[in-house]
Amino acid sequence: MRLIVPLRGVVQGRGGLFVGSLIPCCLFYFLQLYLKRRSPPDPPPSDSHLGELPRTSSLSNLFSRGSSMGRVRISARAVPVAKPTDSTYYIGLERVKTDPYDRISNKEGIIQLGLAESTLCFDLLQRWMSENLMESMMMQSDGNGEFDISSIAMYQPFEGLLELRVAFAGFMSRIMGGNVTFDPANMVITAGGTPAIEVLAFCLADHGNALLIPSPYYPGFDRDIKFRTGVELIPVHCRSSDNFTVTVSALEQALNQARKRGFKVSGILFSNPSNPVGNIVSRETLNDILRFAQEKNLHVISDEIFAGSVYGDKAFVSMAEVASSGEFDKSRVHVIYGLSKDLSIPGFRAGVIYSFHEDVVNAAKKLMRFSSVPVPVQRILISLLSDARFIEEYMAAHRGRIRDKHARFVEGLRGLGIPCAESCGGLYCWVDMRSLLTCYSEKGEVDLFEKLLSVAKINATPGTACYCIEPGWFRCCFTALADEDIPVVMERIRRLAESSR
Ligand SMILES: Cc1ncc(COP(=O)(O)O)c(C=O)c1O
């Protein structure tokens, strides 16, 4: 009998079979023994319950250690997501985590100016939450006046409870000046602004298609749009000479270039008020954008997550209002909103897709199955948004306190000879640090970012992270700073400026 045995080649007869099987087994056994000896001893279990690994995982450890199968592979999609990022936006955020500033316990730590979050009205939120949180979650009662557990424990519509969509519609209309109404039927509740952006990108563009985006833009858009949908972003460069406002000619140029490069452009995405500049898109510009989109058959996504964080004398106009004027085909218009900024509750993960396109609304409703807002949170939000007295008090304080903080911050910078772009919305300002650059280039800007982080111990987001074409601009978020911290920031920048002269 001729038999082919791995490692032994061809062997003859029964004896051959025996020898041919035994020898490879022995070799394999000794190989395992050799590898086990060479590998470092297992670390002691750090937690008692980890000591007893399930059998399957112990076995898999044994095999993966000794076998020549190589590293366990993950999908090609996930590989770039898992890799450390080279964006200075995320690098800065990570560095702050290693040494965060605290006025009392870590005075020399890094001051966070890189995250658009606000603590300015936490006193009001704290009061409302402590008075209403439990009650609003347990609001629904059964026939006997008892709390009805089924109202929060059972499956509910993934696009959000109707009462919440009604409450959001009222709230959005109110903070957007009362000139626009929102139909709850066109609304899908999302777990924050981030999934709203991603779901819209998924619904409006195919993998490999592109969206035009006026730059500088919010660095998180790269993650939100590109990570999972494979949709590309093409910056439409705006300039300081126009206070970074987008123009139709810049859109036209970017569209032509993108098409020459082989991209199918599906739409235009922008934030209004702009993140990072903080300026508001005027009604005229909104009309221009929509006219351009209609002419070129593009979608328009308007991210209005900072609509209620406007503090200047210019009025905010929603793209939903412009779309409803009757002049345009509004089915190409989609609005993003959320409570992370205007109500300062990013932890609640509450956002909205508002679309005039029926199919987009229907698709988004189904996609919300993957990441809907928990029903107890929805119940709290219904109470919060429907509390007209609180909302009025809160919004007035929110706007007033941002205005004051902005004035102090910008004044401090001006005292150092550092100007800011004109802004009247958002939780940040767009700072012109060109005078601090040692060379006027992208590298010069990244060097300054590094010096701000390591020497001045300040994390500010450099313009390169926002695809700004002009070096030297930085986004500084100021709404999580206490008044006492502003002089500390200014003193640190002053010392840095002096040392680099
Ligand atoms: C313009 C813009 N859109 C969306 C988001 C994301 O919002 P959320 O934190 O609710 O996901 C942010 C967050 O900073 C933002 O600045």
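Residues numbered from 1 in each chain as written. Predicted model: local features only at pLDDT ≥ 70, side-chain atom pairs only at ≥ 80, totals over all residues.

**Some details on the environment of Met368**
Inference 1: For Met368, the position within the fold is in the loop between helix 13 (358–367) and helix 14 (375–386).
Inference 2: According to the C-beta neighbour criterion, Met368 is buried, with 22 such atoms within 10 Å.
Inference 3: Taking the C-alpha atoms as reference points, Met368 and Glu159, 209 residues apart in sequence, are found 6.0 Å from one another.
Inference 4: If we skip the residues at most four places from it in the chain, Met368 touches Phe158, Glu159, Val188 and Thr190. (Helix = DSSP H or I, 4+ residues; strand = E, 2+ residues; numbered from the N terminus. Buried ≥ 20, exposed ≤ 12 C-beta atoms within 10 Å, placed from the backbone. Contact = placed C-beta atoms within 7 Å.)

**A closer look at the site of the ligand**
Inference 1: Surrounding the ligand, one finds 14 residues, the nearest of these being Gly192, Gly193, Thr194, Ser271 and Ser340.
Inference 2: Along the lines of polarity and charge, the residues of the shell around the ligand split into four nonpolar, nine polar and one charged. (Near = placed C-beta within 6 Å. Nonpolar A, V, L, I, M, F, W, Y, C, P; charged D, E, K, R; others polar.)

**Topic: the packing of helix 8 (residues 193–204) against helix 9 (residues 220–229)**
Inference 1: The N-to-C vectors of helix 8 and helix 9 enclose an angle of 45°; their axes lie 9 Å apart at closest approach. Taken together, helix 8 and helix 9 sit at an angle that is classed as oblique. Of the two possible hands of crossing, helix 8 and helix 9 adopt the one that is right-handed. Counted together, Thr194, Ile197, Glu198, Ala201 and Phe202 of helix 8 and Phe221, Asp224, Ile225, Arg228 and Thr229 of helix 9 form the full contact between these two elements.
Inference 2: Of the residues contributing to the contact of helix 8 with helix 9, the split by class is five nonpolar, two polar and three charged. (Axes fitted to C-alpha atoms, helices over the stretch in contact; angles between N-to-C directions. Parallel < 35°, antiparallel > 145°, perpendicular 65-115°, else oblique. Left-handed = near helix turned anticlockwise from the far one by under 90°.)

**Observations concerning the packing of helix 5 (residues 122–137) against helix 14**
Inference 1: Here helix 5 crosses helix 14 at 125°, and the two axes come no closer than 9 Å. For the element pair helix 5 / helix 14, the angle class is oblique. Of the two elements, helix 5 crosses helix 14, and the hand of that crossing is right-handed. The residues of helix 14 that touch helix 5, namely those facing Trp128, Asn132, Leu133, Ser136 and Met137, are Pro376, Arg379, Ile380, Ser383 and Leu384.
Inference 2: Residues of the contact of helix 5 with helix 14, tallied by class, amount to six nonpolar, three polar and one charged.

Distances and angles like these do not, on their own, reveal function.
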